[in-house]
Amino acid sequence: ILLKLLDNDNTLLINSCDKVLALAAEQTLHALHGAVLSLLLKLQDHNHPSNIRINMKLLRTIINIYQKQVIKKKILDNMGNADMKMDDLGAQMQLSKVQLYRKVKAMTGKTPVELLKEMRLQRAYTLLMQTDKTVAEVSAEVGFALPGYFSSCFRKQFGVLPTDFRNKQLSKRK
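Residues numbered from 1 in each chain as written. Predicted model: local features only at pLDDT ≥ 70, side-chain atom pairs only at ≥ 80, totals over all residues. Heavy atoms only, no water.

Peer 1: What exactly am I supposed to notice about the pattern of salt bridges here?
Peer 2: Where side chains of opposite charge bring their charged atoms close, a pairing between them can arise. With the rule as written, the count across this model stands at four salt bridges. A salt bridge links E118 to K110; its shortest N-O distance comes to 3.3 Å. Relative accessible area serves as the criterion here: at 25%, K110 is assigned to the partly exposed category. With a closest N to O distance of 2.4 Å, K133 and E141 form a salt bridge. (Salt bridge = Lys/Arg side-chain N within 4 Å of Asp/Glu carboxyl O. Buried < 20%, exposed > 50% of the residue type's maximum accessible area, 1.4 Å probe, protein only.)

Have a look at this one:
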């Protein structure tokens, strides 16, 4: 898809940046990875300084989108593991703890731990809304070892205790 946006000189059109980013955001991780690799090969063949400056900025943005998706996918895959550490996530991605921290902070504005907690709470919100699981079951499923800590985090994030939220959802269904 990215290669379709190349002009006759095989340089990326500046006006296509938004379209490329939109396409990149829609791609599966595998397809996006392949597109980025293809683009890198094209850039190696045509290395005019001004083209490289424009293309490398766009490429860095695309790679950041890809890395953000990979990080979120890894977190989702390991969400139920209450013992999951960010060091483990970094090791899976072949990044040091410091590199992972910097990348996540730059991409999301949150620390890796904050991102993990936010994603766990969003998943818990969805589960409480769409299933009949108890608060304790949801808490364990999303990776909170202590239901009390889960309740306080949930209230801080959404302004309501999970039991009260669950009761509202059950009353809406009736």
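Peer 1: Just to check I follow, could you spell out the packing of aromatic side chains for this structure?
Peer 2: Evaluation of the coordinates by the stated rule reveals eight aromatic pairs. Look at F154 and F158: their rings are 4.7 Å apart centre to centre, the planes differ by 50°, and that puts the pair in the tilted class. Placement of both F154 and F158 in helix α8 (residues 147–158) is noted, with a separation of four residues, approximately one turn of the helix. Classification of F154 by relative accessible area gives buried; the value is 0%. Ring plane angle 55° and centroid distance 5.8 Å describe the contact between F154 and F165, whose orientation is recorded as tilted. Of the two residues, F154 sits in helix α8 while F165 sits in helix α9 (residues 162–173), which places them eleven residues apart along the sequence. (Phe/Tyr/Trp six-rings, centres within 6.5 Å; stacked < 30°, edge-to-face > 60°. Helix = DSSP H or I, 4+ residues; strand = E, 2+ residues; numbered from the N terminus.)

Peer 1: I tried to follow the nonpolar core on my own but got confused; where do I start?
Peer 2: The nonpolar side chains of a soluble globular protein tend to be buried with one another. Of all hydrophobic cores here, the largest spans 28 residues; its most connected members are I71, I75, L100, L128, V142, F150 and F154. Sorting elements by how many residues they give to this core places helix α6 (residues 112–130) first, with seven residues. When near neighbours in sequence (up to four residues on either side) are disregarded, I75 contacts L89, L115, L116 and M119. (Core = buried A, V, L, I, M, F, W, Y, C linked by side-chain atoms within 4.5 Å. Contact = heavy atoms within 4.5 Å.)

Peer 1: Could you clarify how one ought to interpret α9 in this entry?
Peer 2: Three- or four-residue spacings in an α-helix give side chains the same orientation, since the helix completes a turn every 3.6 residues. For α9, built from twelve residues, the straight-helix expectation of 16 Å at 1.5 Å per residue is met to within 8% by its first-to-last C-alpha distance of 17 Å. Within α9, the full set of buried residues consists of P162, F165, R166 and Q169. Seen end-on, α9 carries its buried residues on one side only, within an arc spanning 100°. Buried residues belonging to α9 abut α6, α7 (135–141) and α8. (Expected span 1.5 Å × (residues − 1). Arc of directions from axis to C-beta.)

Peer 1: How do you make sense of the environment of T111 when you look at a structure like this?
Peer 2: When you line up the elements, T111 lands in the loop between α5 (97–108) and α6. Looking at T111, the relative accessible area reads 16%, which means it is buried. The spacing of T111 and L100 is eleven residues in sequence and 9.2 Å in space, taken between C-alpha atoms. Not counting residues up to four positions away in its chain, the partners in contact with T111 are Y101, V104 and K105.

Peer 1: What exactly am I supposed to notice about the packing of α6 against α8 here?
Peer 2: For any two helices packed against each other, one specifies the crossing angle of their axes together with the interaxial distance. Look at α6 against α8: their axes get within 10 Å of each other, and the N-to-C directions meet at 90°. Here α6 lies roughly perpendicular to α8, going by the angle between them. Across the interface between the two elements, K117, E118, L121, Q122, A124, Y125 and L128 from α6 touch Y149, F150, C153, F154, Q157 and F158 from α8. By residue class, the composition of the contact of α6 with α8 is nine nonpolar, two polar and two charged. (Axes fitted to C-alpha atoms, helices over the stretch in contact; angles between N-to-C directions. Parallel < 35°, antiparallel > 145°, perpendicular 65-115°, else oblique. Nonpolar A, V, L, I, M, F, W, Y, C, P; charged D, E, K, R; others polar.)

Peer 1: Explanation requested: the confidence of the model for the protein in the structure shown.
Peer 2: Should the pLDDT be low somewhere, the predicted coordinates at that spot are not to be read in detail. Across the protein, the average pLDDT comes to 74, with 66% of residues at 70 or higher. When pLDDT is averaged over each element of the protein, α8 comes out on top at 95 and helix α1 (residues 17–26) at the bottom at 48. (pLDDT = per-residue confidence, 0-100.)

Peer 1: Looking at this structure, I do not really get α8. What am I missing?
Peer 2: Its twelve residues place the ends of α8 16 Å apart at the C-alpha level, agreeing with the 16 Å of an ideal helix rising 1.5 Å per residue. The secondary structure elements touched by the buried residues of α8 are α6, α7 and α9.

Peer 1: Mind showing me how you'd approach the environment of L127 here?
Peer 2: By the secondary structure assignment, L127 is in helix α6. The sequence separation of L127 and V142 amounts to 15 residues, and the corresponding C-alpha distance is 9.3 Å. Sequence-distant contacts of L127, defined by excluding residues within four places in its chain, comprise V138, E141, V142 and R166.

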